[in-house]
There are 2 protein chains.
Amino acid sequence: MSETPDSAVQTVRTYIEQHRAAFLDDLVDWLRIPSVSAQPDHAPDVRRSAEWLSAALSKTGFPTVEIWETDGAPAVFAEWPSDESDAPTVLVYGHHDVQPAALEDGWHTDPFEPQVVDGRMYARGASDDKGQVFFHTLGVRAHLAATGRTTPAVTLKLLIEGEEESGSPHFRELVEAHADRLAADAVIVSDTGMWSEDTPTVCTGMRGVADCEIELYGPDQDIHSGSFGGAVPNPATVAGRIVAALHDADERVAIPGFYEGVAELSAAERELIAELPFDEPAWLRTAKSRGTLGEAGFSTLERVWARPTAEVNGIGGGYQGPGGKTIVPASAQLKLSFRLVAGQDPARIEQAVRDWLAGLVPAGIRYEIVFGAPTRPCLTPLDHPALQSVARAMSTAFDGAKIRFTREGGSGPAADLQDVLAAPVLFLGISVPSDGWHAPNEKVELDLLLKGVEATAHLWDDLATALR
Amino acid sequence: MSETPDSAVQTVRTYIEQHRAAFLDDLVDWLRIPSVSAQPDHAPDVRRSAEWLSAALSKTGFPTVEIWETDGAPAVFAEWPSDESDAPTVLVYGHHDVQPAALEDGWHTDPFEPQVVDGRMYARGASDDKGQVFFHTLGVRAHLAATGRTTPAVTLKLLIEGEEESGSPHFRELVEAHADRLAADAVIVSDTGMWSEDTPTVCTGMRGVADCEIELYGPDQDIHSGSFGGAVPNPATVAGRIVAALHDADERVAIPGFYEGVAELSAAERELIAELPFDEPAWLRTAKSRGTLGEAGFSTLERVWARPTAEVNGIGGGYQGPGGKTIVPASAQLKLSFRLVAGQDPARIEQAVRDWLAGLVPAGIRYEIVFGAPTRPCLTPLDHPALQSVARAMSTAFDGAKIRFTREGGSGPAADLQDVLAAPVLFLGISVPSDGWHAPNEKVELDLLLKGVEATAHLWDDLATALR
């Protein structure tokens, strides 16, 4: 728990410099595999991605590397036992699947043909999450080089799943099935980001997410809006009314029971958030947006980090081609997602949405609602020793900079690991808001990617002490 | 204005029987041309359709047949002067373009490869409107055969446009440019239907229609709903709120000023409508719908014939593919149309919609709204002599049946003809509600199609007297 000696810092940096080119070449190889878990036709690519990672982890030195099957996409498990007696065990979590991406969505280059421009690598998955998984490979090698060890200071386990971008539908099952193999004293999640390039931070929690698809069925087929319009219910109109009913005039979610159990921000937490150097115009540029809008009574950061939301991810119905078509459409569809915060139970949210929806659909419209597997929210106390350890490793990588604490508006299955393994969950990520997760032209800053390598190279020694 | 003699009825029927097969063969030929005016790649087909019709009208005997160009699709004009002195002039209106149609919309057979099954011809345009235009060709020949004339009893003009299914954007311009050639004492519109197979009716008016497309722009690209959701406006959410704001709790259109000038139904008109043998469950089956919903205080027939509406024809935004995608979408689109009744001015409606929309879109969302060319509503008094003439011709075709009066919920550019030519507009149509206009598996009942031939075969003599 002491400061990392300068010699170790230098050894790590030299090691990284020597292996940087090969490390980036390997990452490019991996990013070329379009492991899109949400699209069934990419299932073979997700498997190929798992196999590629397995080979890379073996090459890194992990004596145990296994592909773990699920009812969906495969995960990769690796283990490198420490030869120190009483060494604590740390489990690293990440994912090897990626969001859908297509050139026509606005990518400047093929999303699955990585391009390095001005120190940035552009590719789907560059930062979410392949880049941040991959820095652990060079990181553990640098750790060994700096400490002269042949095994890590902690017993190091990796669990890299293949369905995170599809809501991790089989993850909890997988973790429960392998709970003994996964047992750990702490979990490190490398699937989050920092405040900015200039403000290194450690994340303390993530929002959860529940999502659903709603299908609304009206006439058996599209019908003439002149002959029948105004006298039968229109499923596209009903879809609009459902969307409008999601929020009240204060932009609070209007679904009865939605806020039940929400962990409200303390005054101290609101102060810590308010102290961050938040530049709203700059944030809006990152959000590619022209204005803010959200729950009354909360700041933008509070809205995205600590408040639950209801969002329309997709809506469709009727004629969407060129020109007009005067019909009452046969059907309409909604894709909704709800970000959840600590204290909210996804099962209760699902029931609340179902009850609310039933009251909104008029006679003459048939509907179906299907929920995906939810991801639970997750929050780690600021004073946890392992969290302090992560902050120190980050500070060392960032030349002694003061590390601040953030939260993550996005979601990951971290809470399942916390639940099943009864271990604290910590976050170590180097992505920045401009990386464009889930968006066209996703990228990773190469300098920061290597800071990630450096942080993990120092972390295992520090955690070995902190967790004993 | 006397009863049609039995001998004329018999001559017409014999003539139709003799020419029925060739007439239907020709119609099949025409229906094979996919003259979809709303889809730019079908523009050559719309032109081919105009050329096909020109040739058919020449073959019928019209001495003058011309293709009239517009800034959009071409129209066909034909004229057959009567050699009787003081013969009145009648202009027949119809259209040769059709609604979009694709096998995957639910057609049992290729929409552009007509199939006759159980006395019904299935094809896009079979009843809307090629079939109903085409009965005028055999009709005028039967009229000549029955009367022994070499020219019709009225100077007969036809104007068959090519953009009706796209809202007739250049029709008024065309009619104004050719007002002298089109001059007529009455206009016969053959683009409507009857009450049912068993209840022959004459239509007295049509609703108008105004339509618009609204584009809503949020973030410059789809953004991560975890990182940004809940803090920036979502254009798909705004689209939903616009849809929800279209109507109030009584299903009345809630756009301020929308009902200004509406010609309210008189007690007598409501009684005539109430007398029709309306079978709501049967109507619902025709509407392929499971329930009625519309403006409070009005019956289903009143809602579709005499009340203005706001309808969502299409809505789209965000991710509509398989699975989920946790984004705030970059944009959303709405296609809305408004059915208008007598007394409503499309220009005032357009302004009312624009004003209403401006108040609904929040800061941070940019929008565009584009209106198509409107179609005006149209209504003819029940006691007009020419309307009585049409009713007699229909009664003769239907073996002396009592003819009732209806309205049409759909729209046509009839009102432009009424405005520019200062002539009464009458409706002669034999389509029935089950024909499925604008829907998959559109058809025409062949028996009724031939009743249309028969009615027009008797109409010109009657009108020649009625209009003098």
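Residues numbered from 1 in each chain as written. Chains lettered and ligands numbered in written order. Predicted model: local features only at pLDDT ≥ 70, side-chain atom pairs only at ≥ 80, totals over all residues.

**Things to note about the overall build of chain A**
Argument step 1. The number of helices and strands found in chain A is 13 helices and 18 strands.
Argument step 2. Against the compact-globule benchmark of 23 Å for 468 residues, chain A has a radius of gyration of 23 Å, which places it among compact chains.
Argument step 3. The C-alpha extent of chain A, read off along each of the three principal axes, is 80 × 50 × 45 Å.
Argument step 4. A total of 468 residues make up chain A; the buried ones form 57% of that total.
Argument step 5. Contacts in chain A between residues at least 24 apart in sequence constitute 80% of all its contacts with a sequence separation of at least 6. (Helix = DSSP H or I, 4+ residues; strand = E, 2+ residues; numbered from the N terminus. Rg over C-alpha atoms; globule rule 2.2 N^0.38 Å. Buried ≥ 20, exposed ≤ 12 C-beta atoms within 10 Å, placed from the backbone. Contact = placed C-beta atoms within 7 Å.)

**Focus on the relation of the copies chain B and chain A**
Argument step 1. Mapping chain B onto chain A calls for a rotation angle of 180 degrees and an axial translation of 0.0 Å; the resulting RMSD is 0.1 Å. Accordingly, the operation relating the two chain copies is best matched by a two-fold axis.
Argument step 2. In this assembly, 100% of the residues forming the interface of chain B have copies in chain A that are likewise at the interface, indicating an isologous arrangement. (Least-squares fit on C-alpha atoms with pLDDT ≥ 70 in both.)

**Notes on the sheet that holds strand β9 (residues 208-217) of chain B**
Argument step 1. One open sheet accounts for 8 strands, arranged β14(A)-β9(A)-β13(A)-β11(A)-β11(B)-β13(B)-β9(B)-β14(B); its pairing is antiparallel. Unpaired on one side and paired on the other, β14 (366-371) of chain A together with β14 (366-371) of chain B mark the two borders of the sheet. Sheet twist, expressed as the mean angle between neighbouring strand axes with direction ignored, is 20 degrees.
Argument step 2. Relative to strand β13 (residues 331-340) of chain A, strand β11 (residues 309-318) of chain A runs antiparallel, the two sharing 8 bridges. Bridged to Ala310(A) within β13(A) is Phe338(A).
Argument step 3. Across the sheet, helix α10 (residues 346-358) of chain A is in contact with β9 (208-217), β13 and β14 of chain A; its angle to β9(A) comes to roughly 25 degrees. (Pairing = 2+ DSSP bridges. Axes fitted to C-alpha atoms, helices over the stretch in contact; angles between N-to-C directions.)

**Observations concerning helix α10 (residues 346-358) of chain B**
Counting along an α-helix, one turn takes 3.6 residues, and residues three or four places apart therefore face a common direction.
Residue and element names in this part refer to chain B.
Argument step 1. The end-to-end C-alpha separation of α10 is 18 Å, in line with the 18 Å expected for 13 residues at 1.5 Å each.
Argument step 2. Of the residues making up α10, those classed as buried are Ile-349, Ala-352 and Val-353. Down the axis of α10, the buried set is contained in an arc of 100 degrees. They therefore lie on one face. Exposed side chains of α10 directed beyond 90 degrees from the buried face belong to Ala-347, Gln-351, Asp-355 and Ala-358. (Expected span 1.5 Å × (residues − 1). Arc of directions from axis to C-beta.)

**Examining the interface of chain B and chain A**
Frequently, the measure chosen for interface size is the accessible area that the parts lose on association.
Argument step 1. With 84 residues of chain B at the contact, the number on the chain A side is 84 residues.
Argument step 2. Among the secondary structure elements, those contributing two or more residues to the side of chain B that touches chain A are β9, β10 (223-224), α6 (235-245), α9 (300-306), β11 (309-318), β12 (327-328) and β13 (331-340) of chain B.
Argument step 3. It is β11(B) that contributes the most residues to the side of chain B that touches chain A, 9 residues altogether.
Argument step 4. For the side of chain B that touches chain A, the residue count by class is 31 nonpolar, 39 polar and 14 charged. (Nonpolar A, V, L, I, M, F, W, Y, C, P; charged D, E, K, R; others polar.)

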